Amino acid sequence: MPIVIYDYSKCTGVAECAESCPVDILEGSANGRWCKPVDDEVENNEVLQKYYDEVDQNDSSDLILRFEMPSCIECRTCEAVCPESAIEIES
Ligand code: SF4
Ligand code: SF4
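Since the model is a prediction, treat every value here as computed from it, not as a measurement. (Residues numbered from 1 in each chain as written. Chains lettered and ligands numbered in written order. Predicted model: local features only at pLDDT ≥ 70, side-chain atom pairs only at ≥ 80, totals over all residues.)

**A closer look at the overall build of the protein**
Moving on, step 1. The helix and strand tally for the protein stands at three helices and five strands.
Moving on, step 2. The N-to-C order of helical and strand elements in the protein reads β-α-β-β-α-β-α-β.
Moving on, step 3. Relative to the globule expectation of 12 Å for 91 residues, the C-alpha radius of gyration of the protein, 12 Å, shows essentially globular dimensions.
Moving on, step 4. The C-alpha extent of the protein, read off along each of the three principal axes, is 30 × 30 × 20 Å. (Helix = DSSP H or I, 4+ residues; strand = E, 2+ residues; numbered from the N terminus. Rg over C-alpha atoms; globule rule 2.2 N^0.38 Å.)

**Some remarks on the site of ligand 1**
Moving on, step 1. By nearness alone, 13 residues border ligand 1, and Cys11, Val14, Cys17, Cys82 and Ala86 come closest of all.
Moving on, step 2. When grouped by side-chain class, the residues that make up the shell around ligand 1 number nine nonpolar, two polar and two charged. (Near = placed C-beta within 6 Å. Nonpolar A, V, L, I, M, F, W, Y, C, P; charged D, E, K, R; others polar.)

**Quick word on the site of ligand 2**
Moving on, step 1. In the region of ligand 2, 14 residues are neighbours, and Cys21, Cys72, Cys75, Thr77 and Cys78 sit closest.
Moving on, step 2. Residue composition of the shell around ligand 2, grouped by class: eleven nonpolar, one polar and two charged.

**So, the nonpolar core**
Moving on, step 1. Among the nonpolar cores identified, the biggest contains 19 residues, and Tyr6, Cys17, Cys21, Leu26, Cys35, Cys78 and Ile87 are the most heavily contacted of them.
Moving on, step 2. Elements represented by at least two residues in this core include exactly β1 (3–7) and α1 (16–20).
Moving on, step 3. Other than its neighbours up to four places away in sequence, Cys21 contacts Leu26, Thr77 and Cys78. (Core = buried A, V, L, I, M, F, W, Y, C linked by C-beta atoms within 7 Å. Buried ≥ 20, exposed ≤ 12 C-beta atoms within 10 Å, placed from the backbone. Contact = placed C-beta atoms within 7 Å.)

**A few points about the sheet that holds strand β5 (residues 87–90)**
Moving on, step 1. One open sheet holds the three strands; their spatial order is β4-β1-β5, and the pairing between them is antiparallel. On the outer flanks of this sheet lie β4 (64–68) and β5, each paired with one strand and no other. In this sheet, adjacent strand axes meet at a mean angle of 15 degrees when their direction is disregarded.
Moving on, step 2. Pairing geometry for β1 and β4, over five bridges, is antiparallel. Note that in β4 the partner of Ile3 across the bridge is Glu68. (Pairing = 2+ DSSP bridges. Axes fitted to C-alpha atoms, helices over the stretch in contact; angles between N-to-C directions.)

Set out below in structure tokens:
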């Protein structure tokens, strides 16, 4: 299953990744500072919610999110468009 690795220490929130994801599993955070992976197929949503709370409330973070994302089709568009190399997909 694809794993999305998202490094918040590098992310500048430009959101090219979210705009280009063909299956819409990346979206902007509530505070507009970041993007975050969202996938209805993720089973352990409680853990994901903990990350959402952190990134929705903070303007800086060293968080590295590493998460299985079942809906990811591994097109790697997000990696290609991110100007900061802040997002990676692992097969
Ligand atoms: S494209 Fe890169 S820098 Fe921009 S929001 Fe996505 S991960 Fe962050
Ligand atoms: S690899 Fe493709 S489907 Fe997966 S998160 Fe990135 S843009 Fe979306």
